[in-house]
Amino acid sequence: MVADEGGQAPSIARVYDYLLDGKDNYPVDREIGDHFKVNLPGSVAIAHTNRGALIRAVRTLACGGVRQFIDLGSGLPTADNAQASLRELWADEPKGALSLYFHIPFCEVRCGFCNLFTRIGAPDGLTGAYLDALERQASAVREAMGEGARFANAAFGGGTPTFLEAAELERLCDLAEHGLGADLAAIPLSVEASPATATADRLAVLAERGTTRLSLGVQSFVDAEARTAVRPQRRADVEAALARVREVQIPVLNIDLIYGIDGQTEESFTRSLDAALAWRPEELYLYPLYVRPLTGLGRQRERAVTADAEWDEQRLRLYRHGRDHLLAHGYEQVSMRMFRRADAPDTGAGDYVCQTDGMVGLGCGARSYTSRLHYSFDYAVDMHRIRGIIDTYTARSADGFRHADFGWEMTGDEARRRHLLQSLLQAEGMPVAGYRDRFGSAPGNDFAAELDRFAGRGWLDDSAGPGLLRLSPEGLAHSDAVGPELFSAAVRARMAAYELK
């Protein structure tokens, strides 16, 4: 093929870019690419696998000390390049109302269901070294963002942020304020905690520094269920932690509960719900138990024969029971998982959505989102891999934080899919006019087949009217099945090629 700048003749480089979901291609290139997709159905997977191999090779060499690379290719921009400058990524992005996220990848124990990026404990000096690396990253990020960056909300997640000692939490808040310019006293700040680490001195620091929401991962008030989920804790200790949270008067308390634990019944789930309701939490999150690969429960399941259909039905039954119980006690459903007390104070944060455009994430396990690229560091579930990634992160120089490592380019199609999915997962639904204003098309045309399937299953609310797309109560119950229905071919190919680690 002959490459030209006007798009009159197809270019193999631009065809490759198209297969990678890039934006640097013309209709003539997409025509050839579509021919590949139809007649060579493995083309997309091959392109992504090839590019992924290059990125892994570059990253491995960079971690080994190599600082300069020459990509011998077409000379044209290629989607998902090996490294992308943060300054370039954020240059044209709106930065007046950003979200800030710090990931703290440490826990006192790893729950059996957990596939998040976290390690158990921290050897002497590791949390300090991690905060040192966060400081270097914060400096590089602020330099890339420029002086016009402003943060509208912040969150500390993990892992368990309150694994850090009180003095370390002070330093983390200082990093957010002095390192990045976030005014924690003036914006909503959400922090995750566990009962064991929600100590009085830590909570006092968080309250003093402006925390408006604290989320406590309880999972179950029934001791036997907590042990089954490999979360060893006693109800008495959980109740004591909740008392300490209420004592410091953080405006919003959220309690996380899990349903679907082996041996859990509607009666035992009600006991957990009522124990939580006794504290009148402003928010409650109900999470279905999932057993993911490489987790503690996942390894147990590999050795057992399970009836998935029966378990699915049990979880749906428990979900409906929990939903109805909370609605009857004055809570409003915001999404499948989130319930808010009707008279809860408004902290200005709304429902926290981690994939909103304009997200700046710092630390291993954190993700950042621009309108064009979602990026992060390496990720793993296996404990040995996680330790290695954290060690690499803490050894990284300030210069090493000036680029993005792993990224996914948001094409127009991906942006439409993401917008539809995020909106549908909210109980209030999606105004069709807002979608049309943003994308210049109608969701019924862009996703006719998918929406027809949802309607056929009774997942769409027929009473919403033509101007609103909204899930029915049964659709909300099946929210976790909606996402996979909206995955693009490119995302499916990446998932199929992904090597668990």
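Heads up: these notes are all about the structure in this document.

**Things to note about the pairing of strand β6 (residues 189-193)**
On any regular strand, side chains alternate: one points to one face of the sheet, the next to the other face.
Point 1. Taken across its five residues, β6 has four buried, putting it largely inside the fold.
Point 2. As for the winding sense of the linkage, the β-α-β connection from strand β5 (residues 151-158) through helix α6 (residues 166-179) to β6 is right-handed.
Point 3. Here β6 runs beside strand β7 (residues 213-219); their pairing, made up of four bridges, is parallel. Pairing of Glu192 across the sheet is with Ser215, part of β7.
Point 4. Assessed by its sense of winding, the connection that carries the chain from β6 through helix α7 (residues 200-208) to β7 is right-handed.

**Let's talk about the packing of aromatic side chains**
Point 1. Going through the model one piece at a time under the given rule, you end up with 13 aromatic pairs.
Point 2. Between Tyr285 and Tyr287 the ring centres are 5.7 Å apart and the planes differ by 20°, which places this aromatic pair in the stacked class.
Point 3. Among the residues examined, Tyr285 registers a relative accessible area of 10% and is labelled buried.
Point 4. On the accessibility criterion, Tyr287 (28% relative accessible area) is partly exposed.

**What about helix α13 (residues 383-395)?**
Because an α-helix completes one turn every 3.6 residues, residues spaced three or four positions apart along the sequence face the same direction.
Point 1. Look at α13: 19 Å from first C-alpha to last across 13 residues, which is about the 18 Å you get at 1.5 Å a residue.
Point 2. Taken together, the buried positions of α13 are Met383, Ile386, Ile389, Ile390, Tyr393 and Thr394. One face of α13 carries all of its buried residues, which in axial projection span an arc of 130°. Seen from the buried face of α13, the exposed residues on the opposite side, beyond 90 degrees, are His384 and Ala395.
Point 3. On the buried face of α13, the contacting elements are β4 (119-120) and α5 (126-145).
Point 4. The distance from a side-chain oxygen at the start of α13 to the backbone nitrogen of His384 is 3.1 Å, and the residue carrying that oxygen is Asp382.

**Details of the nonpolar core**
The nonpolar side chains of a soluble globular protein tend to be buried, and buried together.
Point 1. Core analysis: the biggest nonpolar cluster contains 102 residues, and Leu100, Phe102 and Leu134 have the highest contact counts within it.
Point 2. If one sorts the elements of this core by residue count, α5 sits on top with ten residues.
Point 3. Residues within four places of Phe102 in sequence aside, it is in contact with Leu134, Ala155, Phe156, Gly157, Leu172, Leu175, Ala176, Leu180 and Leu362.
Point 4. Counting nine residues, the second largest nonpolar core, distinct from the first, contains Cys111, Ala229, Ile258 and Leu297.

Cut-offs used in this document
Within every chain, residues take consecutive numbers counted from 1 along the sequence as written. In view of the model being predicted, local features appear only for residues whose pLDDT reaches at least 70, and side-chain atom pairs are presented and counted only at 80 or more, with totals across whole chains, interfaces and linings using the full set of residues. Excluding hydrogens and water, the side-chain values take into account all heavy atoms of the structure. Throughout this description, buried means an accessible area under 20% of the type-specific maximum (1.4 Å probe, protein chains only), exposed means over 50%, and partly exposed covers the range between. The helix count covers DSSP runs of H or I at least four residues long, the strand count covers runs of E at least two residues long, and both are numbered beginning at the N terminus. For a crossover, the right-handed case is the one in which the path from the first strand over the helix to the second runs clockwise, viewed with the strands pointing away from the viewer. When DSSP finds at least two bridges between two strands, those strands are taken to pair. Centres within 6.5 Å make a pair out of two Phe, Tyr or Trp rings, where for Trp the six-membered ring is used; the pair is then stacked when the planes are under 30 degrees apart, edge-to-face when over 60, and tilted otherwise. Given a helix with a known number of residues, its expected span is that number minus one, times 1.5 Å. When we speak of the arc, we mean the arc of directions from the helix axis to the C-beta atoms. Here a residue-residue contact requires only that any non-hydrogen atoms of the pair lie within 4.5 Å. Polar contacts here mean pairs of N or O atoms no more than 3.5 Å apart (in protein, one a potential hydrogen donor and the other a potential acceptor; neighbouring residues in sequence count only if both atoms are side-chain atoms). We call a set of buried residues a nonpolar core when its members are Ala, Val, Leu, Ile, Met, Phe, Trp, Tyr or Cys and they connect through side-chain atoms within 4.5 Å of each other.

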